Amino acid sequence: MLSAELRDQLRSLLGPDGYLDAPSQRLSYESDSLSLVRHSPDVVLLPKDTREAALAMQALARAGVPIVPRGAGTGLSGGATPVPGAVSLVTTRMRRILRIDADQRIAHVQAGVINVELTRAAAPFGLFYAPDPSSQMACTLGGNFAENSGGPHGFKYGQTARHIRGARWINPRGEIVDWLDPVVDPEGLDVLSLLVGSEGMLGIVTEILVDLLPIPEASETLLALFDSLPNACESVTALIASGLRPSAIEILDQLTIQAVEASVFRAGYPQEAQAVMLLDLDGTAGEVEELRAALVTILREHGAFQTQHATDPEQRKRLWAGRKGAYGAMGRLAPDLYVADVVAPRTRLAEIVGLASEICAELDLPLANVFHAGDGNLHPNISYDRRDPEQVRRVLLAGERIMQACVERGGTLTGEHGVGLEKRDAMCSLYSDEELAVHALVREAIDPGHRMNPGKLLPVRGCREARTRSPYLPGMPEYDVEVRESTP
Amino acid sequence: MNGTIDIAEKLQAMGVPVRSGVVRPTSEAELERALTGLREAQARVGWVGAQSQGHAWTDPSRYDVSLTLLDMPQEVHLDAGEGVVRATAGVRWGELRERAAAQGLWLSPDLGVHVQATVGGVVSAGLSGADRDHYGALRHQVLATRVVLSDGRRAPFGAPLVKNVTGFNVPALMVGQRGRLAGLLDVALRLWPAPAERLAWSVPGPEGSKAWQRLRAARIPYLSVRMSSDPEEPTVLLGQGTAGAMADVAHRVRTELGAHPIDAAAHDQAWSQSWRLDPEARSVFVQGSPTAFPEIWRTLHQENLPWAQRLHWLAMPEIAEVRGVWVEEPTDAAREALAQHLRNLPCRWRFLGAGEPKPLAGGPESAAGLRDAQNALRHTWDPANLWQPRPIDPLAGSAQAPAIAEEVSGA
Ligand SMILES: Cc1cc2nc3c(=O)[nH]c(=O)nc-3n(C[C@H](O)[C@H](O)[C@H](O)COP(=O)(O)OP(=O)(O)OC[C@H]3O[C@@H](n4cnc5c(N)ncnc54)[C@H](O)[C@@H]3O)c2cc1C
Ligand SMILES: Cc1cc2nc3c(=O)[nH]c(=O)nc-3n(C[C@H](O)[C@H](O)[C@H](O)COP(=O)(O)OP(=O)(O)OC[C@H]3O[C@@H](n4cnc5c(N)ncnc54)[C@H](O)[C@@H]3O)c2cc1C
């Protein structure tokens, strides 16, 4: 519990817009987009800049209060979900693009800037920001930094880490650390790279320097239709083996196509297709032409019964609308959606997609697949109703079995959504207690008091115990948060 | 500890080969015994690979012993379908590149003539080389690693997959750590489709930095620039990519920059040779932003660095690098004079070379808070400070609360 004195101090520091403690105000911060787990934060803090965030964090550090960083709350692993006794520190008021340096091709932004706003702001300079999570209309660049987010075009351009050039970071003690000169190769130990993808467990990032890339001279979208999902997956494997490099390779299965076509995100995907593959091609004009010809040949050889390509921006936008709106469209199927996020070796895509559908069929759950196929990053999506505990039980079981199937075949737990609360105990399927103790040294070094986003990413109790239960089933003992006394 | 001889004797008595102060286990069992023996003796250990870095980082006299995995059984597992190669730390970089090439794949960085360097050494040294522009820095190539700590604990991080965010990004932290946190036992690296074409052009005109400015303004993709301080040598543009891309680039380079095609393979060979750093040579290595390139160029040329024999320049959209090589150990005064110039430029730098490494490195990230984090990592991973126990250039500072802390306490 926060003392009255600390509350007063935070309120006067952040003002009425930056300090929320009424139950109705805290409601929308109870979970991220993994709506299975909810907990109301004691207080929600919304600093408007680095200085305010640092001052608030210093006050919290002195009182030993745990902090859950939060951007827009679009995370899908429970990373920004509050834990008992913690305050949520939210970056959504830090929404300024501080500088675009078109000459250096760098942008300096506050952490709460929404992903798509940066690309919009860079466009007049002929530049764009490459990481494009499908949530880019809502998610923040700080959240992308903390999750090392990917997106469809990550296939060619890489995940967020690849585009980070610097940051302003507040460590758990509330001290500001600057890397605001664009770093290329850091001298000494590469702490900045360690912060990217650290899921809010090592401090809060308030400002970020990112790379902007020149908008390619030519780009177009290719749509390929398949009469079976396995064929679509096999053709990805063949495409990777051929060395061709489109900028995005995405697959949508039939249930997704139906949901999309019945929704406002209608893209004109033929409903008779069992799977559609969306590919973006970019580069110089000659390169795109050469790439299209080679891709079409491979796709046809592997069962694509029809291909179309679009160069007109409006047409391309329409084709992508179905992919970008897929999650929204699935809202039609049931009130809630569980989005799994596993990585399969790219040679075993078809096999693992097949297993996921067997698992869901066995548990009588509807499965829709829409995924970053080029990177082997699968998103089996299960529609359900969270008010029905029996459905919730089956959904969780399906999630666990899919992860297990993936890990057993050389895949891994998460490609872009992070471990968070959701997969925390599943870390035991990859690592032993002894190995996890070495992983924990990272946190031990930076946050010895375990005050930053406690209870996430690292199993709290031993793996033997973790394996026997799920961390977020209703009635679990208080999320297992362990904050140390010896802070700060 | 009583010194190298005692430790060597002790390890040899345990059945671990030691030659010239270098511990050279030949099997897992010997490595385990060596690590136990070293731990019990609280020996200061310098990890080494093929020692191509010269003495600056691997000088045996700084440690009780050096430890290399070169004689261990080496394994390579190349998964062409996934685009990943996994190798034990002692595998030679050149061998790995050859194996990749045989499957039409490319391993970055291209170390040129340094084919003997080891996987553990290259990753620990952390240099990204000239093809970073096409494939990203070395830290983006390292997908997974298995490490051992000075207390003997071992752990894997990452996965041999092209996409993965499971857990902290320790594989990236291992890049450039130089054996200060952990010994690398094996590493998984990303492979790329080999470029279909690699072309080179020479650009007329005396001043390379001008060519660079024009190139940036023209936004011609897929190119990097190489030049040296030797006025006889031309400025060279290098491009690689698909045939379609290179046809477009070649056209633009000719029409917009007036460049002439040259033989890329011959140029690569010559460049690689000229870049080669003799273990005995001394050099200064400067990295700056590409926009600062002309300014860095001007400064270093105007000052004419009397002790530098030669300057090599490399510019890519993300970075400009220059390496100055000289024959004689510069005096402290000469070193300081250079540092004075560099301090006024938007760049960072470090001195490499023979002799006692000087704690002179520059860069804005030498801030107190960063040093704290680096030191904390160091102390948590290697609390007894046994591995690579040399003063780390920018890490010498102590915790220093920033000014803002005072504001709060006053509040
Ligand atoms: C419809 C939909 C589609 C999606 N598509 C993709 C996709 O294609 N690719 C992808 O990678 N993800 C995707 N996601 C997941 C999610 O959008 C990303 O993880 C995103 O980066 C989260 O950003 P956020 O601002 O919402 O962060 P939040 O959800 O608020 O937080 C995410 C994590 O980051 C931490 N955090 C947030 N801000 C900071 C900060 N400033 N400093 C330190 N830690 C911080 C939080 O503690 C938490 O652990 C999708 C989600 C949805 C709902
Ligand atoms: C294009 C390019 C050109 C280069 N040119 C040169 C050059 O001319 N000269 C040069 O010296 N370097 C050069 N380098 C740097 C080069 O990466 C390293 O010198 C070399 O690859 C190191 O390999 P090695 O096996 O010889 O390691 P060593 O030189 O033996 O060691 C290098 C570093 O790695 C550490 N290390 C070695 N093995 C391990 C391990 N298993 N675990 C933990 N730490 C370990 C050592 O302690 C040391 O700090 C170049 C790099 C690039 C990208």
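Here is what the cut-offs are and how they apply
- Starting afresh in each chain, residues are numbered from 1 along the sequence in its written order.
- By the order in which they are written, chains take letters starting at A while ligands take numbers starting at 1.
- Since the coordinates come from a predicted model, pLDDT governs what is reported: local features require at least 70, and pairs of side-chain atoms require 80 or more to be given and counted, while whole-chain, interface and lining totals use all residues.
- Note: side-chain values were computed over all heavy atoms of the structure, leaving out hydrogens and water.
- Note on definitions: a residue-residue contact is assigned when non-hydrogen atoms from the two residues lie within 4.5 Å.
- Put simply, a salt bridge is a Lys or Arg side-chain nitrogen that is within 4 Å of an Asp or Glu carboxyl oxygen.
- As used in this structure description, the phrase polar contact means that two N or O atoms lie within 3.5 Å; if the pair is within protein, one of them must be able to donate a hydrogen and the other to accept it, and residues adjacent in sequence are counted only when both atoms belong to side chains.
- Counting from the N terminus, the helices are DSSP H or I runs at least four residues long and the strands are E runs at least two residues long.
- Only protein chains enter the area calculation, which uses a 1.4 Å probe; residues under 20% of their type maximum are buried, those over 50% are exposed, and those in between are partly exposed.
- Pairing between strands requires that DSSP locate at least two bridges from one strand to the other.
- To estimate how far a helix should extend, the number of its residues minus one is multiplied by 1.5 Å.
- For a residue, the bend is simply the angle between two axes, fitted respectively to the seven-residue segment ending there and the seven-residue segment starting there.
- Lines are fitted to the C-alpha atoms to define the axes, a helix being fitted only along its stretch in contact, and any angle between axes, read from their N-to-C directions, falls within 0 to 180 degrees.
- Put simply, a nonpolar core is a bunch of buried Ala, Val, Leu, Ile, Met, Phe, Trp, Tyr and Cys residues held in one set by side-chain atoms that sit within 4.5 Å of each other.
- In this text, near means that some heavy atom of the residue lies within 4 Å of the molecule or strand in question.
- Surface accessibility follows the Shrake-Rupley procedure with a 1.4 Å probe radius. Residue values consider only the protein chains on display as shielding.
- Boundaries between domains were set according to an automatic or database domain assignment.
- Two parts placed together each lose some accessible area under a 1.4 Å probe, and the buried area is that loss summed for both.
- Under the grouping applied here, Gly and all other residues not named as nonpolar or charged are polar, the nonpolar ones being Ala, Val, Leu, Ile, Met, Phe, Trp, Tyr, Cys and Pro and the charged ones Asp, Glu, Lys and Arg.

This next bit is on the interface of chain A and chain B. At the junction of the two partners, chain A supplies 91 residues and chain B supplies 77 residues. On inspection of chain A and its partner chain B, the count reaches 4 salt bridges. With its nearest N and O atoms 3.9 Å apart, the salt bridge here joins E82 of chain B to R346 of chain A. Summed over the shared surface of chain A and chain B, the result is 20 residue pairs in polar contact (both at pLDDT 80 or more). Secondary structure elements with two or more residues in the side of chain A that touches chain B: α3 (50–63), β8 (164–170), β9 (176–179), α7 (191–195), α10 (285–301) and α15 (433–446) of chain A. Per element, the largest residue contribution to the side of chain A that touches chain B is 10 residues, and it comes from α15 of chain A.

The next thing to look at is the pairing of β8 of chain A. Counted residue by residue, β8 of chain A has 6 buried out of 7 residues, so it is predominantly covered. Linking β8 of chain A back to β9 of chain A in an antiparallel pair, the connection comprises 5 residues, with G174 of chain A at a positive phi of about 90°.

The subject of this paragraph is α15 of chain A. The end-to-end C-alpha distance of α15 of chain A is 20 Å, a good match for the 20 Å that 14 residues give at a rise of 1.5 Å each. The largest bend along α15 of chain A reaches roughly 30° and is located at A440 of chain A.

Residues and elements named next belong to chain A. Strand order in the open sheet formed by 5 strands is β5-β6-β10-β8-β9, with antiparallel pairing between adjacent strands. Strands at the two margins of the open sheet, each flanked by one partner only, are β5 (97–101) and β9. The average undirected angle you get between the axes of adjacent strands in this sheet is 10°. Alignment of strand β6 (residues 106–110) against strand β10 (residues 204–211), held across 5 bridges, turns out to be antiparallel. Bridged to A107 within β10 is V210. Helix-sheet contacts for helix α4 (residues 115–122) involve β5, β6 and β10, and the interaxial angle to β5 is about 40°.

The biggest cluster of nonpolar side chains holds 138 residues, and the ones touching the most others in it are L189, L377 and W381 of chain B. Per-element accounting of this core gives the leading share, 9 residues, to helix α14 (residues 389–408) of chain A. Not counting residues up to four positions away in its chain, the partners in contact with L377 of chain B are L189, V191, L194, A445 and I446 of chain A together with L173 and L181 of chain B. Core analysis: the next-biggest nonpolar cluster, separate from the first, contains 36 residues, I220, L223, V249 and V322 of chain B among them.

All names here are of chain A. Around ligand 1, a shell composed of 36 residues is seen, among which P69, G71, T74, S135 and T140 lie nearest. Between ligand 1 and A72 there is a distance of 2.9 Å, counted from an oxygen atom to a backbone nitrogen or oxygen. Note that an oxygen atom of ligand 1 is positioned 2.9 Å from one of the backbone N or O atoms of G150. Here ligand 1 has 970 Å² of accessible area as a free molecule, and 95% of this is covered by the chains. For the shell around ligand 1, the secondary structure elements donating two or more residues are β3 (67–70), α5 (141–147) and β10. Examining the composition of the shell around ligand 1, we find that 5 residues originate from one element, α5, more than from any other. The two domains that each donate at least three residues to the shell around ligand 1 are domain 1 (4–90) and domain 2 (97–214).

Our focus in this paragraph is the domain arrangement of chain B. Residue and element names in this part refer to chain B. As far as domains go, chain B holds domain 1 (4–68), domain 2 (76–193), domain 3 (197–274), domain 4 (277–352) and domain 5 (361–405). Residue-level contacts link 6 residues of domain 2 with 6 residues of domain 3. Summed over both partners, the interface of domain 2 with domain 3 comes to about 600 Å²; 47% of that surface belongs to carbon and sulfur atoms. Our count for the domain 2 to domain 3 interface comes out at 0 salt bridges. Between the two partners, domain 2 and domain 3, sit 1 residue pair in polar contact (both at pLDDT 80 or more). Class assignment for the residues of the side of domain 2 that touches domain 3 results in 3 nonpolar, 2 polar and 1 charged.

Quick look at the site of ligand 2 now. Residues and elements named next belong to chain B. With respect to spatial proximity, 35 residues lie near ligand 2, and among them W47, S52, H114, T118 and Q388 are the closest. W47 is positioned with one of its backbone polar atoms (N or O) 2.5 Å from an oxygen atom of ligand 2. Within the backbone of A50, one N or O atom sits 2.7 Å away from an oxygen atom of ligand 2. Tallied by class, residues from the shell around ligand 2 come to 15 nonpolar, 16 polar and 4 charged. Residues lining the shell around ligand 2 come from more than one domain, with at least three contributed by each of domain 1 (4–68) and domain 2 (76–193).

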